[in-house]
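Close look at the chain arrangement
Here are the chains, one letter per residue:
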Amino acid sequence: KKFEYKPRYHLDQFMGCFAYNSSAGTIGMLQLSMSDLLGNNAFAIQTDINGKLKDSNIIINYLYLANRIDYGVGLIHTSEETIYHTLINYQDEYFRLIENKFGVYGMLRYPLNKFWRIDTQFLMYSHELLWDYWNTYSGNWNNLEVEKDYLFEPAISLVHDNTIYGFTGPIDGWRSFLQLSKSFSRENSGHSTI
């Protein structure tokens, strides 16, 4: 008898760690991936939790791998904090930059042969830059400037990959890519890369 294949998902990978910090709150990371028996459908979640959800990094994606062309979609939320120190009139001054991105992406992957492929990616996201300065008198961060923009970034890559993976990472082979990308923005903060 022939039976129609119905995907049933099983856990492929699950790792994580969590801790509590008195200044940042809950911190930790989680990586989870699951797929069906044939590997045609794959889900993955990657997170870095840094206190509040708005300060955390979260990537959720889905890949459809049943045909020669692979398809994928996903959601991203990233938050990066950088603190700068400078001397102004012999006084220590501290500035903080918080960069937030939130968006969706799609990808197509077409293998030319066993080791060469063409990757395309389409990313749409909101980009927010928050500048603060440290007020030593009040002991708080005070807002300086907020910049917000919306971007669309298509990219195409030629990829060579013949790496062989072991338990700790690649053990043989090499991987390289040549990528062209261009971003389009509402506020003229777009860029091109090669």
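Look up: the structure comes first, before these words.
Residues numbered from 1 in each chain as written. Predicted model: local features only at pLDDT ≥ 70, side-chain atom pairs only at ≥ 80, totals over all residues. Heavy atoms only, no water.

A few words now on the packing of aromatic side chains. If you walk through the whole model with that rule in mind, you get four aromatic pairs. On the numbers, 5.3 Å between centres and 70° between planes, the contact of Tyr-9 with Phe-43 is edge-to-face. Of the two residues, Tyr-9 is situated in the segment before strand S1 (10-21) and Phe-43 in strand S3 (residues 41-50); the sequence distance between them amounts to 34 residues. An aromatic cluster of at least three residues, connected via ring pairs, comprises Tyr-9, Phe-43 and Tyr-62. (Phe/Tyr/Trp six-rings, centres within 6.5 Å; stacked < 30°, edge-to-face > 60°. Helix = DSSP H or I, 4+ residues; strand = E, 2+ residues; numbered from the N terminus.)

On to the layout of surface pockets, then. A probe matching the size of a water molecule, rolled over the atoms, marks out where space remains unfilled. By volume, the largest pocket amounts to about 720 Å³. Together, 26 residues line the largest pocket, and Leu-63, Met-107, Arg-109, Arg-117 and Arg-175 are the ones closest to its centre. Of all the elements in the fold, those that place two or more residues in the lining of the largest pocket are strand S2 (25-35), S3, strand S4 (52-64), strand S6 (91-111), strand S7 (116-135), strand S8 (140-161) and strand S11 (175-182). No other element matches the five residues that S8 contributes to the lining of the largest pocket. Split into classes, the residues belonging to the lining of the largest pocket amount to twelve nonpolar, eight polar and six charged. The calculated volume of the second largest pocket comes to roughly 280 Å³. Around the second largest pocket sit eleven residues that line it, and Asn-50, Lys-54, Asp-55, Glu-81 and Arg-96 are the ones nearest its centre. Elements represented by at least two residues in the lining of the second largest pocket include exactly S4, strand S5 (70-88) and S6. The element contributing the most residues to the lining of the second largest pocket is S4, with three residues. Among the residues forming the lining of the second largest pocket, the class breakdown is two nonpolar, four polar and five charged. (1 Å grid on protein atoms, 1.4 Å probe; cavity = no way out; pocket = protein on both sides within 12 Å on 5 of 7 lines; lining within 4 Å. Points joined across faces, edges and corners; volume = space filled by probe spheres on them. Nonpolar A, V, L, I, M, F, W, Y, C, P; charged D, E, K, R; others polar.)

Oppositely charged side chains can form a pair if their charged atoms are brought close together. Inspection of every chain in the model, using the stated rule, returns six salt bridges. Of the charged contacts, one joins Asp-55 and Lys-54 as a salt bridge, the two residues approaching to 3.5 Å between their closest N and O atoms. Relative accessible area serves as the criterion here: at 52%, Lys-54 is assigned to the exposed category. Each of the salt bridges in this network shares a partner with another, and the network as a whole consists of Arg-109, Arg-117, Asp-119 and Asp-161. (Salt bridge = Lys/Arg side-chain N within 4 Å of Asp/Glu carboxyl O. Buried < 20%, exposed > 50% of the residue type's maximum accessible area, 1.4 Å probe, protein only.)

With respect to the secondary-structure elements, His-77 resides in strand S5. By relative accessible area, which is 17% here, His-77 ends up buried. A polar side-chain atom of His-77 sits 2.9 Å from the main-chain carbonyl oxygen of Ser-56. Excluding residues within four positions of it along the chain, His-77 makes contact with Leu-53, Lys-54, Ser-56, Asn-57, Ile-58, Lys-101 and Phe-102. (Polar contact = N/O pair within 3.5 Å; in protein donor to acceptor, adjacent residues only side chain to side chain. Contact = heavy atoms within 4.5 Å.)

Read these as layout, nothing more, since geometry by itself doesn't imply function.
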